[in-house]
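Residues per chain are reported as follows:
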Amino acid sequence: MTLALVCLTAGLIGLCAGVFLIRNREVVSAKFSVAAGVVIIVGSLVPLLIGAVVLLVTVAPGISIS
């Protein structure tokens with residue numbers, strides 16, 4: 001459960017950082033900012049997916065729909 005929360009948090013922080021870089025192009029050059037933002041967003045999808053899978057594996061077996 002802790003691993004899932006850590007991965008989800010890291011992924012969300014990465015998404016926010018990528019969106020920040022794409023939206024605020026004045027920080028560095030516009031082309032570099034967009035490229036770096038896209039790379040960070042794509043890279044942050046990995047911990048998000050890992051966190052979601054771990055969360056499903058640990059929490060979902062305890063949930064019953066009845």
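Higher on the page you've got the structure.
Predicted, not measured: the structure shown is a model, and the values here were computed from it.

About the cut-offs
Residues numbered from 1 in each chain as written. Predicted model: local features only at pLDDT ≥ 70, side-chain atom pairs only at ≥ 80, totals over all residues. Heavy atoms only, no water. Patch = residues over 30% accessible without salt bridge, like charges linked within 9 Å, V, L, I, M, F, W, Y side chains within 5 Å. Areas by Shrake-Rupley, 256 points an atom, 1.4 Å probe, with all protein chains shown as cover. Salt bridge = Lys/Arg side-chain N within 4 Å of Asp/Glu carboxyl O. Helix = DSSP H or I, 4+ residues; strand = E, 2+ residues; numbered from the N terminus. Polar contact = N/O pair within 3.5 Å; in protein donor to acceptor, adjacent residues only side chain to side chain. Expected span 1.5 Å × (residues − 1). Buried < 20%, exposed > 50% of the residue type's maximum accessible area, 1.4 Å probe, protein only. Arc of directions from axis to C-beta. Contact = heavy atoms within 4.5 Å. Axes fitted to C-alpha atoms, helices over the stretch in contact; angles between N-to-C directions. Parallel < 35°, antiparallel > 145°, perpendicular 65-115°, else oblique. Left-handed = near helix turned anticlockwise from the far one by under 90°. Nonpolar A, V, L, I, M, F, W, Y, C, P; charged D, E, K, R; others polar.

(A) Layout of a nonpolar patch on the surface. On the surface, a cluster of nonpolar side chains totalling about 260 Å² of accessible area is made up of Met1, Leu5 and Val59. With respect to the helices, strands and loops of the structure, Leu5 is situated in helix 1 (residues 2–23).

(B) Fine view of the side chain of Ser44. Following the sequence through the fold, Ser44 ends up in helix 2 (residues 30–59). Only 2.8 Å separates the side chain of Ser44 from the backbone oxygen of Ile41, close enough to count as a polar contact.

(C) View of helix 1. The end-to-end C-alpha distance of helix 1 is 32 Å, a good match for the 32 Å that 22 residues give at a rise of 1.5 Å each. For helix 1, the full list of buried residues reads Ala4, Cys7, Gly11, Gly14, Gly18 and Leu21. Looking straight down helix 1, one finds its buried side chains confined to an arc of 125°; they lie on one side. Those residues of helix 1 that are exposed and angled more than 90 degrees off the buried face are Thr2, Ile13, Cys16 and Arg23. Those residues of helix 1 hidden inside the fold are in contact with helix 2.

(D) Geometry of the packing of helix 1 against helix 2. Contact geometry of helix 1 with helix 2 gives a least axis separation of 7 Å together with a crossing angle of 160°. Put simply, helix 1 runs roughly antiparallel to helix 2. The handedness of the crossing between helix 1 and helix 2 comes out as left-handed. Looking at side-chain class alone, the contact of helix 1 with helix 2 contains 21 nonpolar, seven polar and no charged residues.

(E) How the structure looks around the side chain of Ser33. The residue Ser33 is located in helix 2 in this model. For Ser33, a relative accessible area of 0% gives the class buried. Leaving out residues up to four positions away in the same chain, Ser33 has contacts with Leu21, Ile22, Asn24, Arg25 and Val28.

(F) Region of the structure containing the environment of Gly43. Checked against the element boundaries, Gly43 lands in helix 2. For the pair Gly43 and Gly11, spaced 32 residues apart in sequence, the C-alpha to C-alpha distance is 8.3 Å.

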